[in-house]
Amino acid sequence: MLNQEIRKHFPIIEQEINGHPLVYLDSAATSQKPQQVIDAIRNYYENDNSNVHRGVHTLGNRATEGYEGARDKVRDFINAKSREEIVFTRGTTTALNLVAQSYGSANVGEGDEIVITYMEHHSNIIPWQQLAKAKGAVLKYIDLEEDGTLSLDKVKETITDRTKIVSVMHVSNVLGTINPIKEITEIAHAHGAVMVVDGAQAAPHIKVDVQSLDCDFYAFSGHKMGGPTGIGVLYGKKALLNKMEPVEFGGEMIDFVGLHESTWKELPWKFEGGTPIIAGAIGLGAAIDFLEEIGLDHIERHEHDLAAYAMEKMSQVEGLTIYGPKNAEARAGVVTFNLSDVHPHDLATVLDMHGVAVRAGHHCAQPLMKWLDVSATARASFYIYNTKEDVDRLVDGLQVAKEYFNEVN
Amino acid sequence: MKSTKNLDQLYRSVIMDHYKTPRNKGVIEKSSVTVDMNNPTCGDVIHLTMIVEDDIVQDAKFEGEGCSISMASASMMTQMIKGKSVEDALKLAQTISEIMLGNEYDKSIDLGDVEALSGVAKFPARIKCATLAWKAMEKGVGPDSE
């Protein structure tokens, strides 16, 4: 477990909600922000604010250094080969849409296949649905094992020589499953397909090495890893990004502009039309510094431990069903569950009245909910600031909910 | 930890009674009005069938999936509108909206069991649960229906 001095870095944590100390168990939706990140954004606006890449003046240089410095931090964080492979986007959704609209439009044709899985988040389903519709391509889903994991046999059965794109989430936002991206990438490449990874739930929690994974694209969001909302990253292999057309056109991304023809800047700027998300990138850079000070290996260990503890404690609650892998080592810090016939919304309201914040609903994964044969679930998700005491508070709240709804029944 | 006083404002016994023993659950085969509506943020769904003749709601049934508030509200809604004119049914839906928004509303309207939903106004995250069935009814018989 991480030293709980860490909590002191998160000003939001120390407050009461409905008369109880806050227990925040919704980090898979968005994480809380350490003071370091809040200060970095504030410092940028108070001292360095200016537009980037154009100012001859000092503030312009400082803003550019901050923004481009953040790119270097991201490159190092995911071990990309070069900084040109790091494109700043608004978030994971924008990054995946960029791949679908640019790479997808140019490389997927009628009868070609796009392969995803049943556990994907809507943001890794709909861009491919739209692409498949526009091109007359086939969208195929890899089925899941009973425990919510992927089997490589089924991956091999689904991917064929007609497959142009395989897109899989690294860590499931519902099941917590950590998927074997490296192995799936090998299979995709053997059929000549590119591998896209939705890393929104992985980058905050486990060490990501895009060279070792050998994936072609990797997308993630800043706000789930202590950074601000509105900033995300698309990593892409240089050779692919070089051949791709931008999807947004305007200022910042151009080289020469004529009356009827224009040319694009070099990588990565040709994909960053308009004034970029400067403060967001600087905030993300500060979040990366913060996570690296703690160490991703420690964070991963902490979350495995919390997930194991939560699953053990929660399984003692009568009538509680936990979805996803039974082995805590096979999952990140996400535990999705239902409590007998208490609807997850009712459960979330009872927990909130006791200061415990969980998510209830379909978690932007309607096909997965259908696969699980439930209309909704409750989800507790952990991050570096959570403790075993938080889990105990959750379990206490579950008992209260159970008793309450039994009484009124 | 054991205090449930606040919860009692939301989960009034009338609501739990409608949730556990829903009225008018089912489908009217020969309905004149059919509405499907969902709440995309949480996954609640309702399938509402009604018979409307001479501007009177002769019958109404619902099927659906959702939390106690949304299902209880659907049960209450069907109970309340049966036998009412379309105009009165819509007026009732409007009143529910006003209550949820914390606005003034016409106190002369007999709310029956529906009055129990007034506690939902204090739980902003749950207002959409309470209004789903009413929105479905409005969609089916309101001025924008076909």
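What counts as what
- Residues numbered from 1 in each chain as written.
- Chains lettered and ligands numbered in written order.
- Predicted model: local features only at pLDDT ≥ 70, side-chain atom pairs only at ≥ 80, totals over all residues.
- Helix = DSSP H or I, 4+ residues; strand = E, 2+ residues; numbered from the N terminus.
- Rg over C-alpha atoms; globule rule 2.2 N^0.38 Å.
- Buried ≥ 20, exposed ≤ 12 C-beta atoms within 10 Å, placed from the backbone.
- Contact = placed C-beta atoms within 7 Å.
- Domains from an automatic or database assignment.
- Nonpolar A, V, L, I, M, F, W, Y, C, P; charged D, E, K, R; others polar.
- Pairing = 2+ DSSP bridges.
- Axes fitted to C-alpha atoms, helices over the stretch in contact; angles between N-to-C directions.
- Core = buried A, V, L, I, M, F, W, Y, C linked by C-beta atoms within 7 Å.
- pLDDT = per-residue confidence, 0-100.

Moving on: the overall build of chain B. Scanning chain B from N- to C-terminus turns up five helices and three strands. When the elements of chain B are put in sequence order from the N terminus, they spell out α-α-β-β-β-α-α-α. Against the 2.2 N^0.38 benchmark of 15 Å for 146 residues, chain B shows a C-alpha radius of gyration of 15 Å, consistent with a compact globule. Taken over 146 residues, chain B has a buried fraction of 42%. Within chain B, contacts between residues separated by at least 24 positions form 62% of all contacts whose residues are at least 6 apart in sequence.

Residues and elements named next belong to chain A. What the domain assignment lists for chain A is domain 1 (37–292) and domain 2 (296–408). On a C-alpha basis, the centres of domain 1 and domain 2 stand 29 Å from each other. If you look at the interface, domain 1 gives 22 residues, while domain 2 gives 24 residues.

Between chain A and chain B, the residue contacts involve 19 residues of the former and 20 residues of the latter. Mapped by element, the contributors of at least two residues to the side of chain A that touches chain B are helix H11 (344–353), strand S16 (359–361) and helix H13 (388–408) of chain A. A total of five residues in the side of chain A that touches chain B trace back to one element, the largest contributor, which is H11 of chain A. Looking at the side of chain A that touches chain B residue by residue, the classes come out as eight nonpolar, nine polar and two charged.

Right, let's get into the sheet that holds strand S13 (residues 320–323) of chain A. Residues and elements named next belong to chain A. In spatial order, the strands read S13-S14-S17-S16; together these four strands make up an open sheet with antiparallel pairing. Each edge of the sheet is formed by a strand with only one pairing partner; in this case those strands are S13 and S16. Averaged over all pairs of adjacent strands, the angle between their axes in this sheet comes to 30 degrees, without regard to strand direction. Both S16 and strand S17 (residues 377–381) contribute to a ladder of three bridges, which runs antiparallel. In the strand pairing of S17, arginine 359 is matched with arginine 379.

Judged by nonpolar contacts, the single largest core of 167 residues is most densely connected at Val166 and Phe217 of chain A together with Met137 of chain B. At 10 residues, the largest contribution of residues to this core is made by helix H9 (residues 278–294) of chain A. Both of domain 1 (37–292) and domain 2 (296–408) of chain A provide at least three residues apiece to this core. Residues contacting phenylalanine 217 of chain A, with those up to four places away along its chain left out, are Val99, Val194, Val196, Val197, Leu234, Tyr235 and Gly236 of chain A.

All names here are of chain B. Spatial strand order, S1-S2-S3: three strands in an open sheet with antiparallel pairing. At either end of the open sheet lies a strand with only one pairing partner, and these are strand S1 (33–39) and strand S3 (56–65). Each neighbouring strand pair of the sheet contributes to a mean axis angle of 20 degrees, computed without reference to strand direction. Strand direction decides the pairing type here: strand S2 (residues 44–53) and S3, joined by nine bridges, are antiparallel. Residue valine 52 lies in a different strand from S3, and its bridge partner there is valine 57.

To continue, consider the confidence of the model for chain B. Mean pLDDT over chain B stands at 91; residues scoring 70 or higher make up 97%. Among the prediction metrics, the complex's ipTM stands at 0.85, with pTM recorded as 0.93.

Residues and elements named next belong to chain B. Inspection of the sheet shows S1 paired to S2 by seven bridges, in the antiparallel sense. In the strand pairing of S2, threonine 34 is matched with threonine 49. The turn joining S1 and S2, which pair antiparallel and follow one another in sequence, is formed by four residues; a positive phi near 90 degrees is taken by glycine 43. Where S2 folds back on S3, the antiparallel hairpin that results is connected by two residues, among which aspartate 54 adopts a positive phi of roughly 50 degrees.

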